[in-house]
Amino acid sequence: MITKFLSDSEQDIEISAEILRRGGLVAFPTETVYGLGGNALSPSASQAIYAAKGRPSDNPLIVHIADTAAVYELASEVPEVAKTLMEAFWPGPLTIILPKADIVPKETTGGLDTVAIRFPSHPAAMELIKKSGVYIAAPSANTSGRPSPTTAFHVKEDMDGRIDAIIDGGAVGIGIESTIVDLTSSVPTILRPGYITKKNLEDIVGEVRIDPAIIRPDPNLRPKAPGMKYTHYAPKGELTVVELTDVACPTDATSTENAAIWTDKGAAAVADTINALYNKKKEAGDKVLILSPKEHLSFYNEEDTVTVGSIEDGITVAARLYAALRECDERGAKYIYSESFKDCEIGGAIMNRLLKAAGQRIIHV
């Protein structure tokens, strides 16, 4: 298969829309990461997505829509809490899980009786959905287990020759996948943390739970949301996270307090541990890289350090994380050591991705 490389112009989006209408696959930008899209109501298109990614077929796909009316076609029940969250956060990086309607094939839902739905805010994504006339099932546009793509070049690395087209819309804004909330029980439950935080949700609907599988994945359970069961986001090198223990976020955390967590409570101790690990591997002749926020670059060998945003602004870490992991691959790292990121707002989502990328390898300091 020859993959077409297209722009986000009106003409190229129309070409991409036609590819989707005839059952093909198109990678496209969203505000979170690039998605790999196919017709969500076509069993064969969903199967083609799984094949292109090398993705387990029990890992559900998210259905992307361009208007809230679509929810009532895709879901058999739409509770009031869903309407409230749609009004508050759509278009945007929130995915809701509802009981599926009969029109949604189980090939799209990973065999489940629920459907994951999202209304993206990226203009190219919205235009593609509207022009194609189909709802678009779209996981991240990478091969399964790899860091999610935040540029069209990342998509090309993994998907060239596997799919019909890639729309280049530049670098995405957020950089980590949407927050997923299960609305099929009495209390909304976060199944995947993201840009929209637990506090953001609670401010709108009251009590919100976090699924325990986010912290301790259970390989024996069928995943209800993408990323709950299988290895995700992993670079080719072995990644280990070094974390400062016994650090809690202030209840009224600000960016200044985020930085103070580190400067006051042990950034040097974390750096000492990372440097000891780094030196041991370097002496053995291995290629080793370190992931560090820009404020801590002076702690490490600058030549072997990859910058990941700012400890004063977790959003910059989220936007840079996957690109940094891919940079480690490009530079041939056999071992990668990363600081943890304790930002008190989006830090939970960042650490969820980082620990999955590390296969839960973590050293506490």
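Residues numbered from 1 in each chain as written. Predicted model: local features only at pLDDT ≥ 70, side-chain atom pairs only at ≥ 80, totals over all residues. Heavy atoms only, no water.

Here the focus is the sheet that holds strand E14 (residues 305–307). Taken in spatial order, the five strands make up an open sheet running E14-E13-E15-E12-E16, and their pairing is parallel. This sheet does not close on itself; its edge strands, each paired only once, are E14 and strand E16 (362–364). Taken pair by pair, the neighbouring strands of this sheet meet at an average axis angle of 25 degrees, ignoring direction. Note: strand E13 (residues 288–292) against E14, three bridges, orientation parallel. The residue bridging Ile290 from the neighbouring strand is Thr305, located in E14. In the packing of helix H10 (residues 267–283) onto the sheet, contacts are made with strand E12 (238–243), E13, strand E15 (335–339) and E16, and the angle to E15 comes to roughly 175 degrees. Where helix H11 (residues 314–330) meets the sheet, its contacts fall on E12, E13, E14 and E15, and the angle it forms with E14 comes to roughly 155 degrees. (Pairing = 2+ DSSP bridges. Helix = DSSP H or I, 4+ residues; strand = E, 2+ residues; numbered from the N terminus. Axes fitted to C-alpha atoms, helices over the stretch in contact; angles between N-to-C directions. Contact = heavy atoms within 4.5 Å.)

Phi is mostly negative for residues that are not glycine, and the peptide bonds are mostly trans. Each neighbour pair has its own omega, and for Trp90 with Pro91 the value is -10 degrees, a cis peptide bond. Along the chain, Pro91 falls in the loop between helix H4 (80–89) and strand E5 (94–99). Although it is not a glycine, Gln360 adopts a positive phi angle of roughly 65 degrees. Positionally, Gln360 belongs in the loop between helix H12 (347–357) and E16.

Along any regular strand the residues' side chains alternate between the sheet's two faces. On strand E9 (residues 179–182), burial covers both faces: Thr179 and Val181 on one face and Ile180 and Asp182 on the other are all buried. Judged from the four bridges that link them, E5 and E9 form a sheet pairing that is parallel. Looking at E9, one finds that Thr95 is bridged to Ile180. Where E9 and strand E10 (residues 189–192) come together, three bridges link them in antiparallel fashion. Across the sheet, the residue bridging to Asp182 is Thr189, located in E10. (Buried < 20%, exposed > 50% of the residue type's maximum accessible area, 1.4 Å probe, protein only.)

This part covers the pairing of E5. Of all six residues in E5, six are buried; the element is thus mostly enclosed. Here five bridges tie E5 to strand E6 (residues 114–118), and the two strands are oriented antiparallel to one another. By the bridge assignment, Pro99 is partnered in E6 with Thr114.

The next thing to look at is the side chain of Thr108. Looking at where Thr108 falls in the secondary structure, it is placed in helix H5 (residues 106–109). For Thr108, a relative accessible area of 0% gives the class buried. There is a polar contact of 2.7 Å between the side chain of Thr108 and the backbone oxygen of Ala40. Sequence-distant contacts of Thr108, defined by excluding residues within four places in its chain, comprise Ala40, Ser46, Tyr50, Pro60, Leu61, Val63 and Ala137. (Polar contact = N/O pair within 3.5 Å; in protein donor to acceptor, adjacent residues only side chain to side chain.)

As a further point, take the nonpolar core. Here is a general trend for soluble globular proteins: nonpolar side chains tend to be buried in one another's company. Ranked by size, the top nonpolar core spans 45 residues in total, and within it Ile65, Val71, Trp90, Leu94, Ile96, Ile117 and Leu201 carry the most contacts. Contributing elements (two or more residues each) for this core: helix H2 (43–53), helix H3 (71–74), H4, E5, E6 and helix H7 (152–159). Take this core: its biggest share by element is four residues, from H4. If we ignore the near neighbours within four places in the chain, the residues touching Trp90 are Ile65, Thr68, Val71, Leu85, Ile96, Ile117, Arg118 and Phe119. Within the second largest apolar cluster, 28 residues are counted, among which are Leu321, Ala333, Ile336 and Met351. (Core = buried A, V, L, I, M, F, W, Y, C linked by side-chain atoms within 4.5 Å.)

Before going further, it helps to spend a moment on empty space enclosed by the protein. Over the atoms a probe the size of a water molecule is rolled, and this reveals where empty space is left. Scanning all chains against the criterion turns up four cavities of 30 Å³ or more. Volume-wise, the largest cavity comes out at about 260 Å³. Residue lining of the largest cavity: 27 residues in total, with Ala138, Pro139, Ser140, Glu177 and Arg192 positioned closest to the centre. Grouping the amino acids of the lining of the largest cavity by side-chain chemistry returns nine nonpolar, 12 polar and six charged. (1 Å grid on protein atoms, 1.4 Å probe; cavity = no way out; pocket = protein on both sides within 12 Å on 5 of 7 lines; lining within 4 Å. Points joined across faces, edges and corners; volume = space filled by probe spheres on them. Nonpolar A, V, L, I, M, F, W, Y, C, P; charged D, E, K, R; others polar.)

Moving on, we come to the environment of Pro120. Along the polypeptide, Pro120 turns up in the loop between E6 and helix H6 (123–132). A residue is classified by how much of its surface remains accessible, and Pro120, at 0% relative accessible area, is buried. For the pair Pro120 and Leu94, spaced 26 residues apart in the sequence, the C-alpha separation amounts to 8.2 Å.

Attention now goes to the sheet that holds E5. On the basis of which strands lie adjacent, the open sheet formed by 11 strands has the order E1-E8-E2-E3-E7-E4-E6-E5-E9-E10-E11 and mixed pairing. With partners counted over all chains shown, the strands left at the sheet margins are strand E1 (4–7) and strand E11 (209–210), one partner each. As paired elements, strand E3 (residues 35–39) and strand E7 (residues 136–137) share two bridges and run antiparallel to each other. Looking across to E7, one finds that Asn39 is bridged to Ile136.

A few words on the environment of Val270. Its location among the elements puts Val270 in helix H10. Take Val270: its relative accessible area is 0%, and that puts it in the buried class. Between the C-alpha atom of Val270 and that of Phe299, which follows or precedes it by 29 residues, the distance is 9.7 Å.

Moving on: helix H1 (residues 10–21). Between its terminal C-alpha atoms H1 stretches 16 Å, which fits the 16 Å expected from 12 residues at 1.5 Å a residue. When we look at burial in H1, the residues that qualify are Asp12, Ile13, Ser16, Ala17, Ile19 and Leu20. Along the axis of H1, the buried positions cluster into a sector of 155 degrees, meaning they face one direction only. Away from the buried face of H1 by more than 90 degrees, exposed residues Glu10 and Gln11 are located. At its buried positions, H1 is contacted by E1, strand E2 (26–28), E3, H6, E7 and strand E8 (165–168). (Expected span 1.5 Å × (residues − 1). Arc of directions from axis to C-beta.)

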